[in-house]
Amino acid sequence: MPLTDQRVVVLGGTSGIGLATADLAARRGARVTVASSRRDSAERALAALPTGTTADIADLTDSDQVAALFDRLDPVDHLVFTAGEPLALMPLDDLDLDAARRFFTLRYFGALDAVRAAAPRLRPGGSITLTSGTAGRRPGPGWSVAASICGAIESLVRALAVELAPIRVNAVRAGMLRTPLWSGLPDTDREQLYATTAAGLPLGRIGAPEEAAEAYAYLMEQRFATGTVVTVDGGALLA
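Attention here is on the structure that accompanies the text. (Residues numbered from 1 in each chain as written. Predicted model: local features only at pLDDT ≥ 70, side-chain atom pairs only at ≥ 80, totals over all residues. Heavy atoms only, no water.)

Moving on, we get to the sheet that holds strand 7 (residues 229–232). The sheet built from seven strands is open, its strands ordered 3-2-1-4-5-6-7 with parallel pairing. A single partner strand is all that each edge strand has here, and the edge strands are strand 3 (54–57) and strand 7. When strand polarity is set aside, the average angle formed by the axes of neighbouring strands in this sheet is 20°. Looking at chain direction, strand 2 (residues 31–36) and strand 3 are connected through four bridges and run parallel. Residue pairing for strand 3: Thr33 is matched across the bridge by Thr54. Across the face of the sheet, helix 2 (residues 39–48) comes into contact with strand 2 and strand 3 while running at roughly 175° to strand 3. Lying on the sheet, helix 7 (residues 209–221) is in contact with strand 1 (7–11), strand 4 (76–81), strand 5 (122–133), strand 6 (168–174) and strand 7; it crosses strand 6 at an angle near 165°. (Pairing = 2+ DSSP bridges. Helix = DSSP H or I, 4+ residues; strand = E, 2+ residues; numbered from the N terminus. Axes fitted to C-alpha atoms, helices over the stretch in contact; angles between N-to-C directions. Contact = heavy atoms within 4.5 Å.)

Scanning the model with the defined rule gives two aromatic pairs in all. Both rings, one in Tyr108 and one in Phe109, keep their centres 5.0 Å apart while their planes meet at 85°; by these two values the pair is edge-to-face. A relative accessible area of 48% places Phe109 in the partly exposed class. For the ring pair Trp143 and Trp182, a centre distance of 6.0 Å and an interplane angle of 70° mean the geometry is edge-to-face. Placement of the pair is Trp143 in the loop between strand 5 and helix 5 (144–163) and Trp182 in the loop between strand 6 and helix 6 (187–199), with a sequence separation of 39 residues. Considered together, Trp143 and Trp182 belong to a single accessibility category, that of buried residues. (Phe/Tyr/Trp six-rings, centres within 6.5 Å; stacked < 30°, edge-to-face > 60°. Buried < 20%, exposed > 50% of the residue type's maximum accessible area, 1.4 Å probe, protein only.)

With that settled, the discussion passes to the side chain of Ser41. When you line up the elements, Ser41 lands in helix 2. When residues no more than four places from it in sequence are discounted, the contact partners of Ser41 are Thr14 and Ser36.

Moving on, we get to the nonpolar core. Counting residues in hydrophobic clusters, the biggest one holds 37 residues, and the most contacted among them are Leu11, Leu60, Phe70, Leu79, Phe81, Ile128 and Leu130. Sort the elements by how many residues they give to this core and helix 4 (residues 97–118) lands first, with 10 residues. For Ile128, the residues in contact, after removing those within four places along its chain, are Leu79, Val115, Leu122, Leu164, Ile167, Arg168, Val169 and Asn170. Core analysis: the second largest hydrophobic core is formed by 21 residues, Ile17, Val80, Leu177 and Leu219 among them. (Core = buried A, V, L, I, M, F, W, Y, C linked by side-chain atoms within 4.5 Å.)

To continue, consider helix 6. Taking 1.5 Å of rise per residue, 13 residues should cover 18 Å, and helix 6 covers 18 Å from first to last C-alpha, within 8% of that figure. Listed in full, the buried residues belonging to helix 6 are Arg190, Tyr194 and Ala198. Down the axis of helix 6, the smallest arc covering the buried residues is 65°, so these residues share one side. Set apart from the buried face of helix 6 by more than 90 degrees, the exposed residues are Thr188, Thr196 and Ala199. (Expected span 1.5 Å × (residues − 1). Arc of directions from axis to C-beta.)

Here is the structure:
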């Protein structure tokens, strides 16, 4: 198994896609550490993840805490960044720029800072996998901020793949999945969003985080892919 005894660090690994990726990597033999800004989230994740998984606490918007996190860890084989706060539509006519900046602070600058801190500690043959979304390729009304972040992450992947070579840098472009990222919406609005989206997909359903996790595992194990983005979206970009 390619991940056996590999050190995998999943930032944002205590829920959703990150938790599913951590679980899959651990079941494939990796030594996994998940990180969260909240101790209660880390404890819940450890209760759900395979024995031997470890957790650490760090605010991923704080450069000092991110640097200290990697100082505490052994050398790393694979870094996965899935951290992100619950999503919200942000129509232009009532756009809150402070809220938009906060989205960028974690999802883009948090990812960039994590790569900066992790890069010197990545072993030869290692990889970095970031997270994008289909909003960057097919945005809808209210998605200007989310689409911008996705586009920025995908550009960052290509630039880092060149700058950090031969370390491999890739991303997963996820479609809509049933994850806590949508917890900010009222229940009825969230279920309506799922139903409407599913009806327009070629596969006719919303995805599960475990399905996206397979793409992260693939990019960790695939040793001849860099600067690429793998799409897991149920066909959203075709609809």
